[in-house]
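Overview (structure and organization)
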Amino acid sequence: MILKPVLYDFKRSIFKTSTIIILTLAILAGLGITWGFREAIETLIGPPIDINFMGSIILVGDSFNLHGVVLDSLGNPLKNVEITVLWSNTTFTTSQSLTTVIIAETRTDENGVVNYTIRLQELPLSSEVLYLSPHYLITLRLTSREGIVETKGIGEPEFTAYRQYAEADLDSRRFRIISFKHRSPYTISELASFRLIYCNQIGETTTLYYIDSTILDRSGDYIDVVVYGFQVDLSNGRIAQLEKRVYYNVSNLATIPARRISDSCNTSLLKYVEIGFLNNYWAKYSLRIPSNIGVGNIAVGIGNSLQDLKVISTHTFTRYTQSQRISMGQLAMTIQPSIFFFTISVIFLCNTLMAKPRGSGELEFILSGPVTRRELFITRYIAGVVTILAIVTVFMVTFTVSSTLLLNTRYNIEHLFLLFTGLLLSLTAFLSILYSIGAFLRPGWYLGLAITLYMLFVLMWTMIISLILYLLGYRGAELLDLSRSASYFNPLIPNTYFISLLQEEIAGVTNPYNPQYVAISTVLWITSPLVLAYYRFKKIPLYT
């Protein structure tokens, strides 16, 4: 029977209109951040549409050939994707397009492959203009059920020198290859990739070999890679499958020396492993990689044997997709200013839990029943912690679910836990301070001191500390180090620390904070004000 009033007060302390309002704002904050991330992703890497494209336009004599493959981030072929080829006389050094012409339209087949050939005489541009196209701009527009993406031609593939044309007795005015690449924001491929063509002449027949690759996903010690390639008979422009063995090498962000990309590749520089036989235009492989490689490089080559390895494509990869890196980076930057809103919620929460009831006589009325001051103090503090836990949980769940639905982005649970823990501990420490103020001081002083501490710890901490250190004569790196050390005296240090851990994991930025000092600071900020306030709360009159 003694516990009933305590439980009743606990329930009343949580289930209030103000709590519902704060939780609603937390939901809106999660949705708002997701929408902002969608805009950021579109700005940085284009529309969040799950399309990967690898391909080329090959001009041989009077033949126009468009060849490529369209896949999603799982390596599944995308059929019936409409591909439009646009030519523009805008160069890479000019900003205004004077003329844009649609020169070809086609679709992918059941295997996601586009293999389109037409005579140059049938195109709306002259062959002379098209052979100069690497100096202008050719764009592929891919239209699928998800939306439209565009990829621009990059001229010659990397490491393709005119020397190869000369050695193969090719006239560059009668032969051109323009490469195209679009990566889905849901793959772990980086833009730092290289593609190669290799010309091989046997008698009167000259064959061009082309290879490209895209890294899709990473799971444990395995990484999924799609290898794409073809060969072209330059006497008639006919495109065929490679029918070559595929080899790969994984290195810890090692670049491929240019001397390896030559007629006789020196495969002794790095150890290559055979992964299969490419008897189609593309194939998906699962490659084993060392688990300790966070950011690395994969080189994929083809040949009849390891000694015959001539054509190599390289790719840089990370642990996370582009969408994940951008979203987690944006979230880490957004959580810090979001603390402004959450700490204001804590000020309001502590006012309803302790300061306002004390001034109105509500606490005296509750204590007139079978409730002790200790039970009242602890019960209301726990109610505040539970409310903060609900606010942070609702915010993180809303953000995670909306990101999954709107951005097709699934976050690492460990990363979300880091942000959740940092935010929860910081708000709990701030709650302990303000709750103790409400119990320690007269009600009239609460709001003024709470706003002062909000200004100090949340808004102006870095500026005040930096200004003090500057006036004391510290400059540069020494000032920065001391400013970071001063963060241990801020109750919001857990949020700063866990965001730094996340940035270290995502971007490789070194975390400058000592976890032991962070733990000590957090424990002291949570417990010390409560202990002092409790002993004060036991003796003072509650209604003044």
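Attention here is on the structure that accompanies the text.

Rules behind the numbers
Residues numbered from 1 in each chain as written. Predicted model: local features only at pLDDT ≥ 70, side-chain atom pairs only at ≥ 80, totals over all residues. Heavy atoms only, no water. Pairing = 2+ DSSP bridges. Helix = DSSP H or I, 4+ residues; strand = E, 2+ residues; numbered from the N terminus. Axes fitted to C-alpha atoms, helices over the stretch in contact; angles between N-to-C directions. Parallel < 35°, antiparallel > 145°, perpendicular 65-115°, else oblique. Left-handed = near helix turned anticlockwise from the far one by under 90°. Contact = heavy atoms within 4.5 Å. Nonpolar A, V, L, I, M, F, W, Y, C, P; charged D, E, K, R; others polar. Buried < 20%, exposed > 50% of the residue type's maximum accessible area, 1.4 Å probe, protein only. Arc of directions from axis to C-beta.

**As for the sheet that holds strand β7 (residues 148–152)**
With antiparallel pairing, four strands are arranged side by side in an open sheet as β4-β3-β6-β7. Since the sheet does not close on itself, it has two edges, and those belong to β4 (100–107) and β7, each with one partner. Geometrically, the sheet is characterised by an average inter-axis angle of 20° between neighbouring strands, direction not taken into account. As defined by bridge partners, strand β3 (residues 82–88) adjoins strand β6 (residues 137–143) across seven bridges and the pair is classed as antiparallel. Paired with L86 across the two strands is T139, which belongs to β6.

**Details of the packing of helix α10 (residues 461–471) against helix α11 (residues 476–486)**
Across the interface, α10 lies against α11 with an axial gap of 10 Å and an inter-helix angle of 130°. Here α10 lies oblique to α11, going by the angle between them. The hand of the α10/α11 crossing is right-handed. Residue-level contacts link W461, I465, S466, L469 and Y470 of α10 to L479, L482, S483 and A486 of α11. Looking at side-chain class alone, the contact of α10 with α11 contains seven nonpolar, two polar and no charged residues.

**Focus: α11**
Every buried residue of α11 is listed here: L479, S483 and A486. Around the axis of α11, the buried residues are gathered within 55° of arc, so they sit on the same side. Those residues of α11 that are buried lie in contact with α10.

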